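Examination of the molecular architecture
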Amino acid sequence: MSDIVRVFEVGPRDGLQNESVPVGTQTRVDLIERLTGAGIRRLEAGSFVSPKAVPQMAGTAEVLRALRPLPGVSLSVLVPNIRGMESAVSAGIREVAVFASASETFSQRNIGCSIEESFARFEPVMAIARDNGIAVRGYVSCVLGCPYEGEIALGSVVGTSQRLAAMGCYEISLGDTIGIGTAGSTRRIFGAVCDELGHDLVAGHFHDTRGQALANVLACLDMGIRSFDSSVAGLGGCPYAPGASGNLASEDLVYMLDGLGMETGINLDLLADAGDFISGALGRPTGSRVGKALHGVRRAARAA
């Protein structure tokens with residue numbers, strides 16, 4: 001198996017979307033440029049959704065226009081429908097993400113339609129993507145449990161993943177939206193999807209609500225999965241998933257991968273600096289354990 005791990009940074013979108021403190025365009029631009037300066041090469045820069053539904057993502061087009069050229073970096077935006085896709089094309093985006101759920105109730109609460117209706121919305125999005133040579137990444141939420149339905153049927157997770165792959169998604173990110181998964185449940189669910197799609201098509205997206213995110217990543221690594229979503233400073237949560245805390249912190253993920261001898265191409269110190277930056281903008285300490293430790297070490301060094 002490869003020792004190269006692809007880290008997909010979701011802080012500028014998934015991390016910020018649930019924050020109550022307004023984050024301006026320049027702060028979002030600075031965050032993205034700090035992250036890419038740390039070596040992040042795959043990054044979710046924002047979303048083209050209704051600003052009424054997700055106020056923090058208003059101004060994504062302005063953020064994209066304000067960014068300096070970032071050679072070698074793949075910027076992605078979330079698009080919920082054809083209107084969002086048209087905005088992405090106008091912004092010159094070369095990669096988008098679509099979002100499906102393995103839970104019928106969560107689909108209704110999160111995007112206001114059934115699972116079947118969500119796939120109908122994806123069809124014109126995928127057509128535009130094909131016509132414009134735009135890559136599409138697929139998300140599946142609630143794969144290890146739903147805040148409304150509890151345990152989700154394995155067949156729903158596998159079936160939703162297969163449909164996204166069949167539509168043309170180059171990678172399927174399986175999300176533990178409420179952070180309920182364990183290494184055991186991760187092996188069972190992710191293993192079943194890998195059996196159908198192959199491990200190269202599968203990515204892991206873990207929230208750390210119960211402190212199991214890194215254990216779940218290890219379980220995925222053992223299965224051959226080499227792509228993981230994470231959020232700088234542990235930013236995140238979901239307005240439609242009561243009790244869900246932040247995403248797995250990028251700093252914590254990279255620290256563990258470094259310790260395993262895995263290659264990410266990411267500078268941990270610069271990544272932690274980016275975490276300190278956005279945490280300061282939000283007026284609170286970083287949510288990354290590694291980030292806190294590094295901050296403490298630096299403070300002690302300055303005092304010596």
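Preceding block: the structure.
Quick caveat, the model's predicted, so the values are computed rather than measured.

1. Section: the overall build of the chain
- In terms of regular secondary structure, the chain is built from twelve helices and eight strands.
- Taken along its principal axes, the extent of the C-alpha atoms in the chain is 60 × 45 × 35 Å.
- Per-residue burial over the chain gives 54% buried out of 304 residues.
- Accessible area of the chain: about 12,200 Å², with a carbon and sulfur share of 52%.
- If you average the places of the 26 positive and of the 32 negative side-chain charges in the chain, the two averages end up 5 Å apart.

2. A word on the side chain of Glu251
- Looking at the element boundaries, Glu251 is found in helix 10 (residues 250-259).
- A relative accessible area of 0% places Glu251 in the buried class.
- Setting aside anything within four residues of it in sequence, one finds Glu251 in contact with Ser231, Val232, Ala233, Gly234, Leu268, Leu271, Ala272, Gly275, Thr286, Ser288, Val290 and Gly291.

3. Overview of the packing of aromatic side chains
- Counted under the stated rule, the structure contains three aromatic pairs.
- Aromatic pair Phe99 and Tyr139: ring centres 6.4 Å apart, planes at 45°, arrangement tilted. With a gap of 40 residues between them, Phe99 in strand 4 (residues 95-101) and Tyr139 in strand 5 (residues 135-141) connect regions that are remote in the sequence. Both residues of the pair, Phe99 and Tyr139, belong to the buried class.
- Arranged with centres 5.4 Å apart and planes meeting at 25°, the rings of Phe190 and Phe206 form a pair that is stacked. With Phe190 in helix 8 (residues 183-197) and Phe206 in strand 7 (residues 202-206), the pair connects residues that are 16 residues apart, well separated along the chain. Across this residue pair, the class does not change: Phe190 and Phe206 are buried.

4. Here's the deal with the pattern of salt bridges
- Scanning the model with the defined rule gives twelve salt bridges in all.
- Notably, a salt bridge pairs Glu151 with Arg188, separated by 3.5 Å at the nearest N-O pair. Here Arg188 lies in helix 8 and Glu151 lies in the loop between strand 5 and helix 7 (154-167), a separation of 37 residues in the sequence.
- In this structure Arg188 comes out as partly exposed when scored by relative accessible area, which is 43%.
- Through salt bridges with shared partners, a single network forms among Arg6, Arg42, Arg137, Glu171 and Asp229.

5. Things to note about the packing of helix 10 against helix 11 (residues 268-282)
- With their axes 9 Å apart at the nearest point, helix 10 and helix 11 run at an angle of 170° to one another. Between helix 10 and helix 11, the angle is such that the two are roughly antiparallel. Crossing of helix 10 against helix 11: the hand is left-handed. Residues Ser250, Glu251, Val254, Tyr255 and Asp258 of helix 10 pack against Leu268, Leu271, Ala272 and Gly275 of helix 11.

6. Brief notes about helix 8
- Taking 1.5 Å per residue as the helical rise, helix 8 with its 15 residues ought to reach 21 Å, and the 20 Å between its terminal C-alpha atoms agrees with that figure.
- For helix 8, the full list of buried residues reads Ala183, Thr186, Ile189, Phe190, Gly191, Ala192, Val193 and Cys194.
- Looking at the buried side of helix 8, the elements it contacts are helix 7, strand 6 (171-176), strand 7 and helix 9 (213-223).
- Of the residues one or two after helix 8, Gly198 is the one with positive phi, at around 90°.

7. With respect to helix 6 (residues 115-132)
- Look at helix 6: 26 Å from first C-alpha to last across 18 residues, which is about the 26 Å you get at 1.5 Å a residue.
- Phe122 marks where helix 6 bends most, by close to 25°; the proline Pro124 follows one to four residues later.
- Taken together, the buried positions of helix 6 are Ile115, Ser118, Phe119, Phe122, Val125, Met126, Ile128 and Ala129.
- Looking one or two residues past helix 6, Gly133 carries a phi angle of roughly 65°, positive in sign.

8. Considerations on the nonpolar core
- In this structure, Leu75, Val96, Leu164, Phe190 and Phe228 are the most contacted members of the largest nonpolar core, which totals 88 residues.
- With seven residues, the single largest contributor to this core is helix 6.
- Ignoring anything within four residues of it in the chain, the contact list for Leu164 reads Val98, Ala100, Phe119, Phe122, Gly138, Tyr139, Val140, Cys169 and Ile172.

9. So, the side chain of Ser118
- One can find Ser118 in helix 6.
- Beyond its immediate sequence surroundings of up to four residues, Ser118 is in contact with Ile111 and Cys113.

10. As for the environment of Val7
- For Val7, the position within the fold is in strand 1 (residues 6-9).
- A C-alpha to C-alpha distance of 5.9 Å links Val7 and Asp229, two positions 222 residues apart in sequence.
- Excluding residues within four positions of it along the chain, Val7 makes contact with Ile40, Arg42, Phe228, Ser230, Leu253, Leu257, Thr264 and Ile266.

11. A few points about the pairing of strand 8 (residues 227-230)
- Where burial is concerned, the two faces of strand 8 agree: the one with Ser227 and Asp229 and the one with Phe228 and Ser230 are both buried.
- For strand 1 and strand 8, the ladder comprises four bridges, and the chain directions are parallel. The partner of Glu9 across the bridge, within strand 8, is Ser230.
- Two strands pair when backbone bridges link them, and strand 7 and strand 8 are joined in this way by two bridges, in the parallel orientation. Bridge pairing in strand 8 places Gly204 opposite Phe228.

Basis of the calculations
Residues numbered from 1 in each chain as written. Predicted model: local features only at pLDDT ≥ 70, side-chain atom pairs only at ≥ 80, totals over all residues. Heavy atoms only, no water. Helix = DSSP H or I, 4+ residues; strand = E, 2+ residues; numbered from the N terminus. Buried < 20%, exposed > 50% of the residue type's maximum accessible area, 1.4 Å probe, protein only. Areas by Shrake-Rupley, 256 points an atom, 1.4 Å probe, with all protein chains shown as cover. Lys, Arg positive; Asp, Glu negative; His and termini not counted. Charge placed at Lys NZ, Arg CZ, Asp CG, Glu CD. Contact = heavy atoms within 4.5 Å. Phe/Tyr/Trp six-rings, centres within 6.5 Å; stacked < 30°, edge-to-face > 60°. Salt bridge = Lys/Arg side-chain N within 4 Å of Asp/Glu carboxyl O. Axes fitted to C-alpha atoms, helices over the stretch in contact; angles between N-to-C directions. Parallel < 35°, antiparallel > 145°, perpendicular 65-115°, else oblique. Left-handed = near helix turned anticlockwise from the far one by under 90°. Expected span 1.5 Å × (residues − 1). Bend = angle between axes of the 7 residues up to and from the residue. Core = buried A, V, L, I, M, F, W, Y, C linked by side-chain atoms within 4.5 Å. Pairing = 2+ DSSP bridges.

Nothing here speaks to function; it is geometry throughout.
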